[in-house]
Amino acid sequence: MNTTLTLYDTRSRQKRLFTPADPDNVRMYVCGPTVYDFAHIGNARPFLVFDVLFRLLRARYGAEHVTYVRNITDVEDKINARAAERGISIEALTEATIADFHADVDAIGCLRPTVEPRATGHIAQMRAMIDSLVASGHAYVADDHVLFAVGSLATYGALAHRSLDEMLAGARVEVAPYKRDGMDFVLWKPSRAGEPAWPSPAGIAVPGRPGWHIECSAMARTHLGDTFDIHGGGIDLAFPHHENERAQTLAACHVDEMANVWMHNGFLQVEGRKMSKSEGNFLTIRDALQMGTGTELRLAMLMTQYRQPIDWTQKRLAEARALLGHWADAIGEGGQGGEADAAFLAALSDDLNTPLAIARLSELAKEGDPSLGPSAALLGIDLAALAAERSAHTEAVTDDMREEVEALIAERLAARKERRFADADRVRDELVARGVVLMDGKNADGELTTDWTIAK
Ligand SMILES: [Zn+2]
């Protein structure tokens, strides 16, 4: 692939030429779901965006040369609360939620990541990182908690582009008497009876559990190394979650950077309003799949460039449906194979400019260009399958319709023979309403016959 790839990096605040540290192993980490409930469509956005990037990286570097890690947070206080509320075990809740999550992301056409680590499977690695942070003075023990000392890291705030004082002024800081600095954050905390618990690090006698931020640092380090190429997630995670992940990794691993590119997708709102349960416009992926197919949902989201806010509307979904129809009709059942179109690739490689890439697909469809299929495949859209589905649907409708029309015609002929003309007229009106054109005649034996066709 000749096109250069540029990606917007939140830390340096610029679009940068992407050069992987090792082109034989391009490494990407994306923060995955906390598994306590159905994912909403705002959660779905990063999974879709980074799925497109995953596909593009695989096309550029070879599928076997890309490692995509997306974690599952299966230990977190929201999970404990929900399991208690529902009166089920934490494991029953997380297992069921993970199965639902997989069904949802499969339905919207996301490839499974290369590795999907679970936090509960990496407790030892978290403890090791915490011990080394305490040993090097970047963390301290207080009241059976371990806290990260933000003042110990000179570049804390580099992602948020804010100084400690500014962050403190703007943040809703959890006030705790044992914190040395208001911005210090929890690496480990003690567990009460009934809460998930593991032996604590740093010589703490009571069992405890990890904080959310250290989970990602430990899982990323385990599967991708101390520094890797791309770290992604929603813009709402940039601060404090990613800032804290970065701080932990830099301090524990003695590296200058955790990820060479930090990518964040924009917010999602529904019909012009912020999505919330109190607004009554809270939409899960499951709900959205009642409104359209997974492919329609996917395209509707990709019609907005990933850094821009999305306004999720029914109108947008209808636009996506119409576009997919045009493309599928253009491709017929053939048209796969060959390479993606150069202009399409250039658009996608320019910081995932999906709106421009989609406009190019429509041009290719208009021109009947065979690169339409392989280009759409990079967005995770299988046009050949869609075309086959549509033609199967058309045939099915035609067959059903033929049966119905012929049954009605037989009914009308019987009525005419029995001189029940009002009934015959009623059936004729029904056929005409369905777009059927009737041609009455007689056969060689002088019996009434009716041929029919569908009005164009
Ligand atoms: Zn994370």
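Look above for the structure.
A few points on the structure.

About the thresholds
Residues numbered from 1 in each chain as written. Predicted model: local features only at pLDDT ≥ 70, side-chain atom pairs only at ≥ 80, totals over all residues. Heavy atoms only, no water. Core = buried A, V, L, I, M, F, W, Y, C linked by side-chain atoms within 4.5 Å. Buried < 20%, exposed > 50% of the residue type's maximum accessible area, 1.4 Å probe, protein only. Domains from an automatic or database assignment. Contact = heavy atoms within 4.5 Å. Pairing = 2+ DSSP bridges. Helix = DSSP H or I, 4+ residues; strand = E, 2+ residues; numbered from the N terminus. Axes fitted to C-alpha atoms, helices over the stretch in contact; angles between N-to-C directions. Donors = N, O, S within 2.8 Å, 3.2 Å for Na, K, Ca; no water. Tetrahedral: all angles 85-135°; square planar, octahedral: opposite > 155°, others 65-115°. Parallel < 35°, antiparallel > 145°, perpendicular 65-115°, else oblique. Left-handed = near helix turned anticlockwise from the far one by under 90°. Expected span 1.5 Å × (residues − 1). Arc of directions from axis to C-beta. Phe/Tyr/Trp six-rings, centres within 6.5 Å; stacked < 30°, edge-to-face > 60°. Lys NZ or Arg CZ within 6 Å of the ring centre and 35° of its normal.

1. Quick word on the nonpolar core
- With 68 residues, the main nonpolar core has I41, W312 and W327 as its most contacted residues.
- Per-domain counts for this core show at least three residues from each of domain 1 (6-265) and domain 2 (270-381).
- Contacts of W327, omitting those with residues within four sequence positions, involve L299, I358, L361, S362, A365, L372, I381 and L383.
- Residues Y29, M126, A139 and V146 belong to the second largest nonpolar core, which totals 41 residues.

2. Structural notes on the sheet that holds strand 5 (residues 139-142)
- The strand order across the open sheet built from four strands is 5-6-7-8, with neighbouring strands paired in antiparallel fashion. Single-partner strands in this sheet number two, and they are strand 5 and strand 8 (208-210). Adjacent strand axes in the sheet meet at a mean angle of 20° when their direction is disregarded.
- The pairing of strand 7 (residues 185-190) with strand 8 spans three bridges and is classified as antiparallel. Each residue of the ladder has a partner; that of W188, found in strand 8, is P210.

3. Remarks on the coordination of the zinc ion
- Within the first shell, the zinc ion binds the protein through C31 (SG), C216 (SG), H241 (NE2) and E245 (OE), at distances of 2.1 to 2.2 Å.
- Geometry at the zinc ion is irregular, judged from its four donor atoms and the angles of 78 to 129° they form at the metal.
- Sequence spacing of the donor residues for the zinc ion, all on one chain, is C-x184-C-x24-H-x3-E. Placement of the pair is C31 in the loop between strand 3 (26-30) and helix 1 (41-61) and H241 in helix 7 (residues 238-253), with a sequence separation of 210 residues. For the pair formed by C31 and H241, the shared burial category is buried.

4. As for the packing of helix 4 (residues 123-135) against helix 7
- It is the contact of helix 4 with helix 7, at a shortest axis distance of 9 Å, that shows an interaxial angle of 70°. Our classification of the angle between helix 4 and helix 7 gives roughly perpendicular. Note that helix 4 runs across helix 7; the crossing there is left-handed. Judged by residue contacts, M129, S132 and L133 of helix 4 engage Q248, T249, A251, A252 and C253 from helix 7.

5. Quick notes on the sheet that holds strand 4 (residues 66-70)
- The strand order 4-3-9-10 describes an open sheet built from four strands, whose pairing is parallel. A strand with exactly one partner marks an edge of an open sheet, and here the two such strands are strand 4 and strand 10 (259-265). The mean inter-strand angle of the sheet, taken between neighbouring strand axes irrespective of direction, is 20°.
- Sitting on the sheet, helix 6 (residues 212-224) is in contact with strand 3, strand 4 and strand 9 (228-234), with an inclination near 160° to strand 3.

6. A word on helix 4
- A rise of 1.5 Å per residue sets the reference length of helix 4, with its 13 residues, at 18 Å; its end C-alpha atoms lie 18 Å apart and thus fit the reference within 8%.
- Listed as buried for helix 4 are I123, M126, M129, I130 and L133. In an axial view of helix 4, the angular spread of the buried residues amounts to 125°, which keeps them on one side of the axis.
- Residues of helix 4 that are buried make contact with strand 5, strand 6 (145-148), strand 7, strand 8, helix 6 and helix 7.

7. Considerations on helix 10 (residues 314-331)
- Taking 1.5 Å of rise per residue, 18 residues should cover 26 Å, and helix 10 covers 26 Å from first to last C-alpha, within 8% of that figure.
- Residues of helix 10 that are buried: L317, A320, L323, L324, G325, W327, A328 and I331.
- Looking at the residues trailing helix 10, positive phi occurs at G332, about 60°.

8. Topic: the packing of aromatic side chains
- Evaluated as defined, the whole model comprises six aromatic pairs.
- With centroids separated by 5.1 Å and ring planes inclined at 15°, the aromatic side chains of F148 and F185 adopt a geometry described as stacked. Of this pair, F148 sits in strand 6 while F185 sits in strand 7, and the two are 37 residues apart along the sequence. With respect to burial, F148 and F185 carry one shared label: buried.
- Taken together, a centroid distance of 6.5 Å and an interplanar angle of 25° make the contact between Y156 and F185 stacked. Of this pair, Y156 sits in the loop between strand 6 and helix 5 (164-170) while F185 sits in strand 7; the two residues are 29 residues apart in sequence, bridging distant segments of the chain. Taken as a pair, Y156 and F185 share a single burial class, namely buried.
- Members of the aromatic cluster, joined through ring pairs, are F148, Y156 and F185.
- Above the face of the F54 ring, R58 is positioned so that its terminal group lies 5.0 Å from the ring centre.

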